[in-house]
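Overview (structure and organization)
Listed below, chain by chain, are the residues.
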Amino acid sequence: MSSVNVNVHHVTRVEGHGNIVLNADSGKIEKLEWQVPEAPRFFEAMVRGRSYQDIQTIVSRICGICSITHSLASTKAVENAMGFEVSEQADTVRILMHYSEQLQSHILHVGYLAAPDFFGAPSVVPLVAQAPDVVKAIIRVHRLANEWSDLIAGRTTHPVTLIPGGLTKVPTEKQFRQLQQRLKDGVADLKAVAEALLSVAENIPNFTRETEYVSLKQDNPPTYTFYHGDITSTDYDGTVPVNDWKTVANEYVSDQSTAKWTKWHRGSYAVGALARFNNNAELLSPLAQDVAKMFALEKGCCNPYMNNIAQLVECVHVVETSIGMIDELLTKGLKDEKVSVSPKAGKASGCVEAPRGILFHEYEFDRKGNCVGADICIPTNQNHASIQEDFEKLVPEILDEGEDAIRHKLEMCVRSYDPCISCSTHMLDVKFVK
Amino acid sequence: MAKPKIAIFDFACCEGCQLQIVNLEEEILDLLGVADVVEWREAMSEKSDEYDIAIIEGSITRPEDEERVKLIRSRAKVLIALGACATMGGINKLKNNFDLDDVKKCVYGKAASKPHLHTGLTKAVDEVVGVDYYVHGCPIDRKEFTYIVRSLVMGKTPEIPDYPVCVECKANGNPCLWEYGQVCLGPIIRAGCGARCPSNGFRCFGCRGYVDNPNVEAARDVIEKYGLNVDDLKTKMVLFGSQQEPTIYE
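Quantities reported herein were computed from a predicted structural model and do not represent experimental measurements. (Residues numbered from 1 in each chain as written. Chains lettered and ligands numbered in written order. Predicted model: local features only at pLDDT ≥ 70, side-chain atom pairs only at ≥ 80, totals over all residues.)

This part is about the sheet that holds strand β2 (residues 19–25) of chain A. Residues and elements named next belong to chain A. The sheet built from three strands is open, its strands ordered β1-β2-β3 with antiparallel pairing. In this open sheet, the two edge strands, each paired with only one partner strand, are β1 (4–8) and β3 (28–35). Neighbour-to-neighbour, the strand axes of the sheet open up by a mean angle of 5 degrees, direction not taken into account. Looking at chain direction, β1 and β2 are connected through five bridges and run antiparallel. Bridging across to β2, Asn5 finds its partner in Asn23. (Pairing = 2+ DSSP bridges. Helix = DSSP H or I, 4+ residues; strand = E, 2+ residues; numbered from the N terminus. Axes fitted to C-alpha atoms, helices over the stretch in contact; angles between N-to-C directions.)

This part covers the nonpolar core. In terms of nonpolar packing, the biggest core is built from 195 residues, with A:Val193, A:Leu274, A:Val313, A:Cys351, B:Ala54, B:Ile56 and B:Leu82 touching the most fellow members. The element that contributes the greatest number of residues to this core is helix α4 (residues 88–119) of chain A, accounting for 15 residues. When residues of this core are sorted by domain, at least three fall in each of domain 1 (5–153) and domain 2 (165–241) of chain B. Residue contacts for B:Ile56: discarding those within four places in its chain leaves B:Phe9, B:Phe11, B:Val69, B:Ile72, B:Leu79, B:Ile80, B:Ala81, B:Leu82, B:Ala86 and B:Val125. (Core = buried A, V, L, I, M, F, W, Y, C linked by C-beta atoms within 7 Å. Buried ≥ 20, exposed ≤ 12 C-beta atoms within 10 Å, placed from the backbone. Domains from an automatic or database assignment. Contact = placed C-beta atoms within 7 Å.)

So, about the domain arrangement of chain B. One frequently used descriptor of interface size is the decrease in accessible area upon assembly of the parts. Residue and element names in this part refer to chain B. Here chain B is partitioned into domain 1 (5–153) and domain 2 (165–241). When each unit is reduced to the centre of its C-alpha atoms, the spacing between domain 1 and domain 2 is 26 Å. At three residues, helix α4 (residues 84–88) tops the list of elements feeding residues into the side of domain 1 that touches domain 2. Class assignment for the residues of the side of domain 1 that touches domain 2 results in five nonpolar, five polar and two charged. (Nonpolar A, V, L, I, M, F, W, Y, C, P; charged D, E, K, R; others polar.)

On to the packing of helix α9 (residues 273–280) of chain A against helix α11 (residues 307–332) of chain A. Residues and elements named next belong to chain A. Running from N to C, α9 and α11 point in directions that differ by 70 degrees, and their axes come no closer than 8 Å. Accordingly, the angle class assigned to the pair α9 and α11 is roughly perpendicular. When the axes of α9 and α11 are compared, the crossing they make is left-handed. On α11, the residues touching Ala273, Leu274 and Phe277 of α9 are Asn307, Ala310, Gln311, Val313 and Glu314. Here the residues of the contact of α9 with α11 sort into five nonpolar, two polar and one charged. (Parallel < 35°, antiparallel > 145°, perpendicular 65-115°, else oblique. Left-handed = near helix turned anticlockwise from the far one by under 90°.)

Residue and element names in this part refer to chain A. Running from amino to carboxyl end, α4 crosses helix α13 (residues 403–416) at an angle of 150 degrees, the nearest separation of the two axes being 11 Å. Comparing the axis directions of α4 and α13 gives the class roughly antiparallel. Between α4 and α13 lies a crossing whose hand is left-handed. Contact residues: Leu113, Ala114 and Asp117 in α4; Met412, Arg415 and Ser416 in α13. Along the lines of polarity and charge, the residues of the contact of α4 with α13 split into three nonpolar, one polar and two charged.

Turning our eyes to something else, we now look at the environment of B:Cys207. All names here are of chain B. Position of Cys207 among the secondary structure elements: in the loop between α8 (196–199) and α9 (216–225). Distance in space between the C-alpha atoms of Cys207 and Gly89 is 10 Å, their sequence separation being 118 residues. Not counting chain neighbours up to four residues away, the residues in contact with Cys207 comprise Ala84, Gly137, Cys138 and Phe240.

If you want it as structure tokens, here you go:
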């Protein structure tokens, strides 16, 4: 057997910079690595000395794609550290804000970044000519998600309405009704996208690797949660409180690579839409369950490429669920709520599900409310070890398929995790060049 | 005239400004009608070394990135800095307020001395190479971006506001956030965002940078009127204003 060399410098259509290196000779793999050369940005160092009021404004900039998620996680951490109560209305509106980002990020990933793989196109640009109706439906859903974020968060990227203790502003009843109508209209577009993806679903590689899936779990009331709850996994029956997230992440430096990885009950674990699905699928909305069935996606699925389908399922879930939440909100009547809080010393964590997996923020504040320390653990960090282990199982299975096919499947594997590499490098050890 | 070739490159940043280009939705198709996008790693697999207009997102933090941006400059006829990280260093410049060894140890602990974790002072793009046009903001404003690209494609010079956010905020009919106890940077920060943050009840934190000649005396009057001092303002200015030209610091 001849040698196989795959060297992908800066994988495209992902957020941030990552490399794939594979060298094999005569069927023997000599080197196989997932590397991250992104410029580190040092957020935990930069927030020191800053006021509790400014934390979400700073850490939102960790990631342009999940800025709402970072703002929510940090705001929850501040509130937990200082004992601030958040009203029921603000809590509901925040969840709606968070759902808008799930839809925004998922449809961006499924539609613009991953779909070209399924359709055999290098990007969404040639796809416009190849499948114009699908692209138009994707664009409409993406626009809906962005305008939804605009309405509730103040803008699509880097929210401005979120403050410790609540929100600066909530939309009017009329604006909520208009949003609700658009969400109802969006269901048809999502169904069209699902049908289109189903028609090319045979291009999703058939690969499985049994592993541990970690996500939030909310029992009271039972919810397919992105925002409240405690930490659970497919290897663990109970839940772990958010403040104890370090006993879950167990960050370590691998001998094989110097990347800082995470593990819990086994060598690696995965986070993201598929992890949430595997822990909470029975709590999905009815339409979302239908879409899962279309693709034969069931609890216990261990094909990482199916994460894209789990994202599509979640798109349907957040849209359908939000339609009902808006009804509840308006039935109770919108109230004009003023936030009044004063800082105190404390240390606590905040956790939410980013579109690409569970996210932990932890801060400590002095009595004036200035930050004295921070620790942030990003979903993509938690997936790096899983990507590496997928590579190690996958490559021997496909080594005779030729370099192009191998490269394509490895790139698709990375992309299926929807990595957010700029996020992860605030604390990631990248490959050590000796 | 042949369609100009545009390439988009990213450095240290959150990639949220590129996302605003994606967020143009159908308008991207209009953009593709007047220009060829030949490289854009976040959205496309296509790559090219030949381009007329280079759009740079992100700040420059490492020697290898300085070399890369110089190479891009040498190939491009026109270079555009996209977003606060590129135009003025952005939030990444907060790092420059600390000792760099301390910053590395804080985040990476014992691994801090490894060579791949090297970081230098955060620089805006124009601290390394010449910049022809600036698209301000964190993130950029989508309308302003299309306006600037449209102007360039038509051979015109885009006009960027050089008056403070307060002008747009007043035009929106907002009550002044200083009246609500917020330290808002509207009086000294460049408009063009439509006063997006104060219109949503959140103070301006300065992501578009200062106007060319901030009215320091007027800003001082505002601070004093509300019983605050320059230090109170400085703690807010540092978020996006670290190591910019000092205005009100003396």
